[in-house]
Amino acid sequence: MTTRWNVHRLPRAEGKTFLVTGANAGIGYHVAEQLAGTGATIVLGSRNAEKADAAMASIRSVVPGARVRHLQLDLADLDSVKAAAHELDSLDAVVCNGGVMIDDAELMYATNHLGHFALVGWLMPLLAGGRVVTTGSLRGKKVKAGDDYARSKQAQMLFGFELDRRQGAVTSIVNHPGGALDSITFPASLLLQGKDAGAWPAVRAVLDPDVRGGEMVGPRVFGLRGEPQLEPVRSQLADEALAARVWEESVELTGVEPV
Ligand SMILES: NC(=O)c1ccc[n+]([C@@H]2O[C@H](COP(=O)([O-])OP(=O)(O)OC[C@H]3O[C@@H](n4cnc5c(N)ncnc54)[C@H](OP(=O)(O)O)[C@@H]3O)[C@@H](O)[C@H]2O)c1
């Protein structure tokens with residue numbers, strides 16, 4: 001990834017279709033809005049039709065003529081995930097962004113990791129030659145005991161890298177948004193950034209032809225904010241035996257294998 005990337009001058013992508021999960025709010029909304037600006041068709045994977053309608057109206061107000069549509073998708077419900085995957089007939093990339101940070105560790109793991117694992121599995125026939133872009137977290141780089149959110153995010157990231165090792169048909173790229181806040185009034189905003197900027201790494205992972213499978217994109221400044229750039233993959237994220245264990249366990253829990 002040697003070329004410079006201008007987050008405000010994205011390459012055109014007319015004729016392409018991108019699915020973004022959790023696109024009705026937060027970073028996922030901004031990923032959808034920025035990708036809509038390329039001329040691509042954006043499918044907003046959301047469990048809430050009203051919120052998706054509001055998000056689509058907002059995107060159309062920023063990007064006149066935007067091609068956007070809603071796909072009913074509850075990541076915590078495998079039947080919903082399967083039905084959603086079967087609704088689509090063509091796809092160039094999926095951005096696995098939707099997620100929760102809650103006290104219920106099982107529901108959090110199911111939503112953040114297993115739902116996306118199964119979604120990608122069921123989308124595999126459509127994704128040949130396309131991209132799987134997984135949104136992890138800085139917290140997932142090194143998981144401390146008892147940090148269930150970090151564990152769910154690490155599982156996602158390990159899956160993203162393992163998918164690239166196992167599957168030649170798709171390009172699988174991991175990204176993380178750094179620290180992305182809703183409000184710039186919070187004091188940490190000096191260190192962090194808004195969710196529009198939090199979307200930049202995922203958008204680059206979808207669009208930049210110079211980003212390769214198995215790579216990771218994150219913000220430039222301390223991995224917390226700024227322009228999206230390539231980051232080294234090391235420590236727990238480079239643990240191939242751990243990634244293989246996550247993969248096998250996910251196949252067992254979902255009954256789907258992304259092959
Ligand atoms: N913000 C940060 O600083 C930060 C840092 C590191 C990583 N991340 C990651 O970035 C991603 C987006 O974070 P965010 O800050 O934008 O979060 P957010 O504002 O809370 O938005 C989360 C999105 O996920 C959706 N979602 C939650 N559960 C879902 C389900 N069961 N099925 C379908 N969609 C579901 C939400 O939809 P509803 O409206 O229906 O709830 C919403 O659209 C997450 O993967 C998060 O782990 C964020």
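In case you missed it, the structure is sitting above this.
Residues numbered from 1 in each chain as written. Predicted model: local features only at pLDDT ≥ 70, side-chain atom pairs only at ≥ 80, totals over all residues. Heavy atoms only, no water.

Q: Tell me about the pattern of salt bridges, and please be specific about residues and values.
A: A complete count under the given rule lists nine salt bridges for this structure. With a shortest N-O distance of 2.7 Å, Glu14 and Arg12 are connected by a salt bridge. Members of the salt-bridge network, linked through shared partners, are Glu162, Arg165, Arg166, Glu240, Glu248 and Glu257. (Salt bridge = Lys/Arg side-chain N within 4 Å of Asp/Glu carboxyl O.)

Q: Which residues make up helix α8 (residues 240-254), and what are the values?
A: With 15 residues, α8 extends 21 Å from end C-alpha to end C-alpha; this agrees with the ideal 21 Å at 1.5 Å per step. Of the residues making up α8, those classed as buried are Leu242, Ala243, Val246, Trp247, Ser250, Val251 and Thr254. Taken together, the buried residues of α8 touch α3 (78-87), α4 (105-123) and α5 (148-166). Its side-chain oxygen 3.1 Å from the backbone nitrogen of Ala241, Asp239 forms the N-cap of α8. In the stretch just after α8, Gly255 is the one whose phi turns positive, near 75°. (Helix = DSSP H or I, 4+ residues; strand = E, 2+ residues; numbered from the N terminus. Expected span 1.5 Å × (residues − 1). Buried < 20%, exposed > 50% of the residue type's maximum accessible area, 1.4 Å probe, protein only. Contact = heavy atoms within 4.5 Å. Polar contact = N/O pair within 3.5 Å; in protein donor to acceptor, adjacent residues only side chain to side chain.)

Q: An account of the nonpolar core is needed here, citing residue identities and associated values.
A: Ranked by size, the top nonpolar core spans 36 residues in total, and within it Phe18, Val31, Leu35, Ile42 and Leu44 carry the most contacts. Elements that contribute at least two residues to this core include exactly β1 (17-21), α1 (26-36), β2 (41-46), α2 (49-62), β4 (93-96) and α7 (200-207). The residues touching Leu44, leaving out its near neighbours within four places in the chain, are Val20, Ala23, Ala32, Ala52, Ala55, Met56, Ile59, Val68, Arg69, His70 and Leu71. Among the nonpolar cores identified, the runner-up in size contains 27 residues, and Val43, Val81, Ala84 and Met124 belong to it. (Core = buried A, V, L, I, M, F, W, Y, C linked by side-chain atoms within 4.5 Å.)

Q: Could you give an account of the packing of α4 against α5, with specific residues and numbers?
A: Where α4 contacts α5, the axes come no closer than 8 Å and their chain directions differ by 15°. Judged by the inter-axis angle, α4 sits roughly parallel to α5. Considering only the axes of α4 and α5, their crossing is right-handed. Residues Ala105, Met108, Tyr109, Asn112, His113, His116, Phe117 and Val120 of α4 form the contact with α5, whose own contacting residues are Asp148, Tyr149, Arg151, Ser152, Lys153, Ala155, Gln156, Phe159 and Leu163. Class assignment of the residues belonging to the contact of α4 with α5 gives a composition of nine nonpolar, five polar and three charged. (Axes fitted to C-alpha atoms, helices over the stretch in contact; angles between N-to-C directions. Parallel < 35°, antiparallel > 145°, perpendicular 65-115°, else oblique. Left-handed = near helix turned anticlockwise from the far one by under 90°. Nonpolar A, V, L, I, M, F, W, Y, C, P; charged D, E, K, R; others polar.)

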